[in-house]
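Per-entry structural report
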Amino acid sequence: MHKLIGSQLKNLPLGNLTWKRDLLYFEGPLLSEYYTEKGETFLKYWCDCNEDYHRWMLFKIKEQDRLRLVLGEKSIHAVIQEQPDFFVFFSDENKKNKKFTLVELTNIPN
């Protein structure tokens, strides 16, 4: 997996995320929609894995962009680049641990 350039976090600062639906699924979810207690919508996107962790990217999305993504009118790359914040969260997860990193949009690995 690519080394992330960002700030390591002890916890994900979004509060409790509630799963709403899977938008893309292949032998497991690849892109899922979640919402926060404040009603903000986040997408959780599977990015990479190695022998220890699965890497997920979490980012805020506007409803109109979510609809355009689902309809195929907008790419996932465009949605990430045009999301309301200037950063995303990465979560490296396995059955026992989760490691979180805050990464600016300009530092997202290819």
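Further up the page is the structure itself.
The structure contained in this document is the topic of the report that follows. Note that the structure is a prediction, hence the values are computed from the model and not measured. Along every chain, residues carry numbers that run from 1 in the direction the sequence is written. Note on the predicted model: pLDDT of at least 70 is required for a residue's local features to be given, and 80 or more for side-chain atom pairs to be given and counted; whole-chain, interface and lining totals, by contrast, use all residues. Side-chain measures were taken over the full set of non-hydrogen atoms in the model, leaving aside hydrogen atoms and water.

A word on the sheet that holds strand β3 (residues 29–35)
With antiparallel pairing, the 7 strands of this open sheet are ordered in space as β1-β7-β6-β5-β4-β3-β2. Two strands lie at the open edges of the sheet, namely β1 (7–9) and β2 (18–25), each paired on one side alone. The average undirected angle you get between the axes of adjacent strands in this sheet is 25°. Of the strand pairs in this sheet, β1 and strand β7 (residues 98–104) are connected by 3 bridges, and their pairing is antiparallel. Paired with serine 7 across the strands is leucine 102, a residue of β7. For this analysis, residues touch if any pair of their heavy atoms sits within 4.5 Å. Comment: axis = line fitted to C-alpha atoms, over the contacting stretch for helices; angle = value between 0 and 180 degrees taken between N-to-C directions. Strands are runs of DSSP state E lasting at least 2 residues, helices are runs of H or I lasting at least 4, and numbering of each runs from the N terminus. Contacts from helix α1 (residues 63–70) reach β2, β3 and β4 (41–49) within the one sheet, and its direction differs from that of β2 by about 30°. Here the rule is simple: two strands pair whenever DSSP picks up at least two bridges between them.

Some remarks on the environment of lysine 95
With respect to the helices, strands and loops of the structure, lysine 95 is situated in the loop between β6 (87–93) and β7. Considered as a pair, lysine 95 and histidine 54 are 41 residues apart in the sequence and their alpha carbons are 9.9 Å apart.

Describing unusual backbone geometry
In the Ramachandran plot, glutamate 27 falls in the positive-phi region, its phi being about 55° despite a non-glycine side chain. Position of glutamate 27 relative to the elements: it lies in the loop between β2 and β3.

Describing the side chain of lysine 74
With respect to the secondary-structure elements, lysine 74 resides in the loop between α1 and α2 (76–81). Polar contacts here mean pairs of N or O atoms no more than 3.5 Å apart (in protein, one a potential hydrogen donor and the other a potential acceptor; neighbouring residues in sequence count only if both atoms are side-chain atoms). Side chain to side chain, lysine 74 and glutamate 82 meet in a polar contact 2.6 Å long. Residues in contact with lysine 74, not counting those within four places in the same chain, are Asp65, Arg68, Leu69, Val79 and Glu82.

Digging into the environment of lysine 98
Relative to the helices and strands, lysine 98 resides in strand β7. On the basis of relative accessibility, which here comes to 52%, the residue lysine 98 falls in the exposed class. Sequence separation of lysine 98 and asparagine 11 is 87 residues, and the distance between their C-alpha atoms is 8.7 Å. Not counting residues up to four positions away in its chain, the partners in contact with lysine 98 are Ser91, Asp92 and Glu93. For the exposure calls, accessible area comes from a 1.4 Å probe over protein chains only, and a residue counts as buried if that area is under 20% of its type's maximum, exposed if over 50%, partly exposed in between.

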